[in-house]
Amino acid sequence: MSKILLINLPTSEIASTLNFTMPVGILSLAAYLEMNNESVDILDLNVNSDYLSKEYEYVGISIMIAAQFNQAYKIAKEIKSIYTNTKIIIGGPHVTQFKNDIIKNCPEIDFVVAGEGEKQLLSIIRNESIDERFIEDINDLPFPAYRKLNFDDYKRDTTNWNNPYNADLSIRMPIITSRGCPNQCNFCSLIKHMGNKYRPMSSNVVVNLLEYYHKQYGVIYFAIYDANFMVQTKRVIDIANEIVKRNLKIYLDLPTGLPINEHTKNIVDALAQAGLIRTTLSIESGNEYLRNKIMKKKSKQTDIFSAIESIRKYPQIYLLTDFVIGMPEETIESLQSTYNLLSDLDTDDITISIATPYPNTKLYDQCIKDNLFLPDIKIDELYKSEEFCHANLKRFNIRPYNLSIQELIKYRDKFLELKQIKLANYNKRIGNI
Ligand code: B12
Ligand code: SF4
C-alpha cells in the first residue's frame, strides 16, 4: 500500500475566472514530506480524475472554498467505501474557517487540519503528536514540488492576455514568497489561516527560486500569490533589483496587488524594470469612511490616484482594481462614491466581490451580533454551501443596515456594465479592436 496521495479539487464554477493554476498548497506539502523521506503522490483533479486506482494509507484533500466541500466529502466517502483502511485528512483555507462544523458533521473524515499543513501532516502520517500550525522561518522550507507536475497540463490559451513583449506566457507559475499578514482588514479570513506575523522568504531565496525554474524548466511568467507581498518595501525592491542584476528575462504578475501608499511609486518603478506586466490595486471602496474606518484599509483617496498614475507610466502593465460591495455599513451614497471613483480611475479591468462574512473575521462576528445574515442563509450549513463565496456575484449573504438587497443588485449590475466598458477601453488601447 502506498503512503499518501494529496488531492487538489477542481476549480469551482463559482470562481469569477475559471482559471486553475498549479496547486501550490499541496505542492508545498509534498516537498516537505519528501524532504522528510516520505513518498507522496499528487493528483490535481483539474487535469486527471482517477483517485480510486490505487490504495493509499492516507489521502489528503485540499479545500479552498465552501463550494468544493461536497465534492471533497463525496470523494472521501467513495475512497473509504473501497479502501476501508485508508485514512482521510483534509486541510486548506476553507477547513481552517469551518473546522468545528466539519468535525461535528463528517465522521468519515479522520483528520481535520487548520492552518499550515507541513508539520501537522508529517506528524499525522508518522503517528506523532506535534501540533505546530505555523512554520517559523519559511526559508527553511523546500521549494514546492512543481517537478511532480506535467507542466504541459498547465498551459493556457494566452491569446487574450496582456502580452506586451509577445512572449510565450502559456505557463504561468504561481509562487508564494511570504506567509501571514500584519494588517487587520475586517473581512479577511487569512489571518486565522496564516497568522498576523509576517514571515517572508529573504529576497535572495525568492530570486533563487525564480532563477531555478526559469533556467531548469524554461518558465518565464511567474505570478506572486502571497496574501500580502508588499509588507516590506525594501524586500520587494531588493527582489526586483536582484532580478535585474541577474539578468533574468522573466515576466511578473501580482494578482494579490500593490500597496496604496507613499511607497507605491518606488515599488512600481523597480518592479517594472524586473518584468511586471500585470497587477491589481485592492481599493475595496470609493467611500473613505467605509474603506479606512470600517474595513481597516489604510489608503487615502489622493494616494489611490497617485498609485494609478505611477502604474500608468508603464503602458505594458495591465491594471486590475478590486472592490467589495455590500458591507453592513454600505449605503446608496457609498455605492455611488465607489461607482464614481471607478468611472474616474484609469484601470483595465475591475473585480467585484460581494461582502462575505467568513468565520473568524470581525465582519462575521458583527453579522452574528446584529443578525445581518439573510433569512434563507443556514449558518450551520455554510461549511458545505455551494454559494458562499465572495466571488459569487449571484448571491448576497448579508443585509446592510441601511440598504436594500434590490439596491445592491442594481449597483452590482451597474458595476458589471462598467467592467465591460473598462475592458473595451483596454482592448482599444492595445489595438485589439
Ligand atoms: C493561489 C490562490 C488561488 C489559485 C489556486 C491555486 C491552488 N489550488 O493552489 C487560484 C487563482 C486558482 C485561486 C482561485 C480562487 N480563490 Co484563491 N487563493 C490563492 C491564494 C492567493 C494563495 C493560496 C496559496 O497557494 N497559499 C500558499 C499555500 C502554501 O497555502 P495553502 O494553499 O493555504 O496551503 C497550506 C494550508 O492551507 C494547508 N493545506 C492546504 N491543503 C491541505 C490539504 C491537507 C490534507 C492538509 C493537511 C493541509 C493542507 O497546508 C498548506 C501548506 O502550509 C490564497 C490567499 C493566500 N495567500 O493564501 C487565495 C484564497 C485561498 N482564495 C480564495 C478564493 C475565495 C478563491 C476564489 C473563489 C477566487 C475567485 N475570485 O475566483 C477562487 C476559487 C478557486 C477554486 N478552487 O474553486 C480565498 C479563500 C477564502 C476562504 N475560504 O477563507 C483565499 C484565502 C483568498 C481570500 N482571502 O480571499 N486561488
Ligand atoms: S485583506 Fe490582504 S492586507 Fe488585509 S489583512 Fe487580509 S491579507 Fe492582509
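Residues numbered from 1 in each chain as written. Chains lettered and ligands numbered in written order. Predicted model: local features only at pLDDT ≥ 70, side-chain atom pairs only at ≥ 80, totals over all residues. Heavy atoms only, no water.

Draft legend 1. Main features of the domain arrangement of the protein chain. Here the protein chain is partitioned into domain 1 (3-138) and domain 2 (155-431). A separation of 26 Å is found between the C-alpha centroids of domain 1 and domain 2. Taken together, both faces of the contact between domain 1 and domain 2 bury some 2800 Å²; the carbon and sulfur share is 57%. Its largest share of buried area at the contact with domain 2, domain 1 owes to Ile14, Gln97 and Ile138, together 24% of the area lost on that side. The tally of links from domain 1 across to domain 2 stands at four salt bridges. Inspection of the domain 1/domain 2 interface yields 14 residue pairs in polar contact (both at pLDDT 80 or more). Within the residue set of the side of domain 1 that touches domain 2, elements represented by two or more residues are helix H1 (24-35), helix H2 (69-82), helix H3 (93-97) and helix H4 (99-105). (Domains from an automatic or database assignment. Buried area = accessible area lost by both parts, 1.4 Å probe. Salt bridge = Lys/Arg side-chain N within 4 Å of Asp/Glu carboxyl O. Polar contact = N/O pair within 3.5 Å; in protein donor to acceptor, adjacent residues only side chain to side chain. Helix = DSSP H or I, 4+ residues; strand = E, 2+ residues; numbered from the N terminus.)

Draft legend 2. Structural context of the site of ligand 1. Around ligand 1 there are 44 residues in total, and Ser12, Ser62, Glu118, Ser189 and His193 lie nearest to it. With respect to ligand 1, the side chain of asparagine 8 contributes an N or O atom lying 3.5 Å from a nitrogen atom. A distance of 2.6 Å separates an oxygen atom of ligand 1 from a polar backbone atom of serine 12. Elements that contribute at least two residues to the shell around ligand 1 include exactly H1, strand E3 (56-62), strand E4 (87-91), H3, helix H5 (118-125) and helix H6 (190-194). (Near = heavy atom within 4 Å.)

Draft legend 3. Spatial organisation of the packing of helix H8 (residues 233-245) against helix H9 (residues 264-273). Running from amino to carboxyl end, H8 crosses H9 at an angle of 20°, the nearest separation of the two axes being 8 Å. Considering their axes alone, H8 and H9 lie roughly parallel with respect to each other. Along this stretch, H8 crosses H9, giving a crossing that reads as left-handed. Together, Thr233, Val236, Ile237, Ala240, Asn241 and Val244 of H8 and Asn266, Ile267, Ala270, Leu271 and Gln273 of H9 make up the contact between the two elements. Split into classes, the residues belonging to the contact of H8 with H9 amount to seven nonpolar, four polar and no charged. (Axes fitted to C-alpha atoms, helices over the stretch in contact; angles between N-to-C directions. Parallel < 35°, antiparallel > 145°, perpendicular 65-115°, else oblique. Left-handed = near helix turned anticlockwise from the far one by under 90°. Contact = heavy atoms within 4.5 Å. Nonpolar A, V, L, I, M, F, W, Y, C, P; charged D, E, K, R; others polar.)

Draft legend 4. Local environment of the nonpolar core. If you look at the biggest cluster of nonpolar residues, it comprises 138 residues, and the most contacted ones within it are Ile7, Ile61, Ile90, Ile102 and Leu271. The dominant element in this core, judged by the number of residues it contributes, is H1, at eight residues. Not counting residues up to four positions away in its chain, the partners in contact with isoleucine 7 are Ile26, Leu43, Leu45, Tyr51, Val59, Gly60, Ile61, Ser62, Ile75 and Ile79. Within the second largest apolar cluster, six residues are counted, among which are Ala167, Leu169, Tyr221 and Tyr251. (Core = buried A, V, L, I, M, F, W, Y, C linked by side-chain atoms within 4.5 Å. Buried < 20%, exposed > 50% of the residue type's maximum accessible area, 1.4 Å probe, protein only.)

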